[in-house]
Amino acid sequence: MVSPAIALAFIPLLLTVLIRCRFYFVLFYRAVLVRIWRDCVTGLSREERAYQYVLTHATPGDPDSILDAFDVWCSKVEFISTIGPKKGKVLDRMLMEQSPLTVLELGSHCGYTTVRIARSLPLGARLYSVEMDQRNAAIAEKIIRLAGFDDDTVELIVNPSDEVIPRLRSEYGLERLDFVFMDHWKKCYLPDLQMLEGTGLLGKGSMIVADNVLFPGAPKFLRYIRKSGLYEWKVHRATLEYSRGIRDGMAELVFQGIK
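The name given to the protein in an unreviewed UniProt entry is catechol O-methyltransferase, and the organism recorded there is Notothenia coriiceps. For the protein, the Subcellular location (unreviewed entry) comment in UniProt is given as "Endoplasmic reticulum". Under the UniProt heading Catalytic activity (unreviewed entry), the entry covering the protein gives this text: "a catechol + S-adenosyl-L-methionine = a guaiacol + S-adenosyl-L-homocysteine + H(+)".

Put into structure tokens, the structure is as follows:
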């Protein structure tokens, strides 16, 4: 049996851990516990609940209104891991500077970043958005169309990324990708990047942006881009979307060509 003196000695350590990890505890509560409880109470998925909120609080055909409603819901109601407004502004700037005509998004989730990208594209550009989860893809489709984007601007592809990427040239007629945004499973970042290199769809100057490379993190992806010599790259440091105190980052890569 532990003596009271030993137990008391651990109190400062316990308090230190609680203080340092408080933001992670808050994230666990918002992202996991609240989700489980509301799944049981409502019988709806978190993404379906987000869509219902956006549907009743946003103006159809207005992408800015759609994104604002999403941001309110994610920050004040339930947590969803989208790029969020702060990192979103960095993405907006890169899209405006790049003016890409052909864009690939890996990980539509519920359509937040899809809408954010689509609203920044020049006339005549097209966004191919890939989502493997059929339920999430159904929500993303509703959000994209609610924002006013049709099939000519945004094509939603429901399949795993490793099945879609090899078919982009043969089935979708793509010759080059000007911009790629990654926000799907972090373990897929590296194999999907290498697959894109192998397809020949990345040309000199093609930009790849990968979210959440520091939290939850994509260490193998970061090690590869450091050592490959194929990219000019940097990490835009930020905090995790809709959270405080959790450091995160977004990687920006510019392809320099196969050596």
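**Quick word on the pattern of salt bridges**
One pass over the structure, following the stated rule, counts 20 salt bridges. We note a salt bridge from D64 to R119, for which the minimum N-O separation is 2.4 Å. Of the two residues, D64 is situated in helix α4 (residues 63-76) and R119 in helix α6 (residues 112-119); the sequence distance between them amounts to 55 residues. A salt bridge links R119 to D92; its shortest N-O distance comes to 3.0 Å.

**Section: the side chain of S65**
Looking at the secondary structure, you find S65 in helix α4. Using a relative accessible area of 14% as the deciding quantity, one classes S65 as buried. Sequence-distant contacts of S65, defined by excluding residues within four places in its chain, comprise H57, A58 and T59.

**Notes on the side chain of S161**
Mapped onto the elements, S161 comes out in helix α8 (residues 161-164). Looking at S161, the relative accessible area reads 10%, which means it is buried. For S161, the side chain forms a polar contact with the side chain of D192, separated by 2.6 Å. When residues no more than four places from it in sequence are discounted, the contact partners of S161 are L106, V130, P166, H184 and D192.

**A word on a positive patch on the surface**
A contiguous patch of positive charge, built from K220, R223, R226, K227, R237 and R247, is present on the exposed surface. For the positive patch, the leading source of residues is helix α12 (residues 219-228), giving four residues. Structurally, the position occupied by R226 is in helix α12.

Criteria and thresholds
- Residues numbered from 1 in each chain as written.
- Predicted model: local features only at pLDDT ≥ 70, side-chain atom pairs only at ≥ 80, totals over all residues.
- Heavy atoms only, no water.
- UniProt positions renumbered as here; feature names shortened; annotations may be inferred.
- Salt bridge = Lys/Arg side-chain N within 4 Å of Asp/Glu carboxyl O.
- Helix = DSSP H or I, 4+ residues; strand = E, 2+ residues; numbered from the N terminus.
- Buried < 20%, exposed > 50% of the residue type's maximum accessible area, 1.4 Å probe, protein only.
- Contact = heavy atoms within 4.5 Å.
- Polar contact = N/O pair within 3.5 Å; in protein donor to acceptor, adjacent residues only side chain to side chain.
- Patch = residues over 30% accessible without salt bridge, like charges linked within 9 Å, V, L, I, M, F, W, Y side chains within 5 Å.
- Areas by Shrake-Rupley, 256 points an atom, 1.4 Å probe, with all protein chains shown as cover.
- Lys, Arg positive; Asp, Glu negative; His and termini not counted.
- Charge placed at Lys NZ, Arg CZ, Asp CG, Glu CD.

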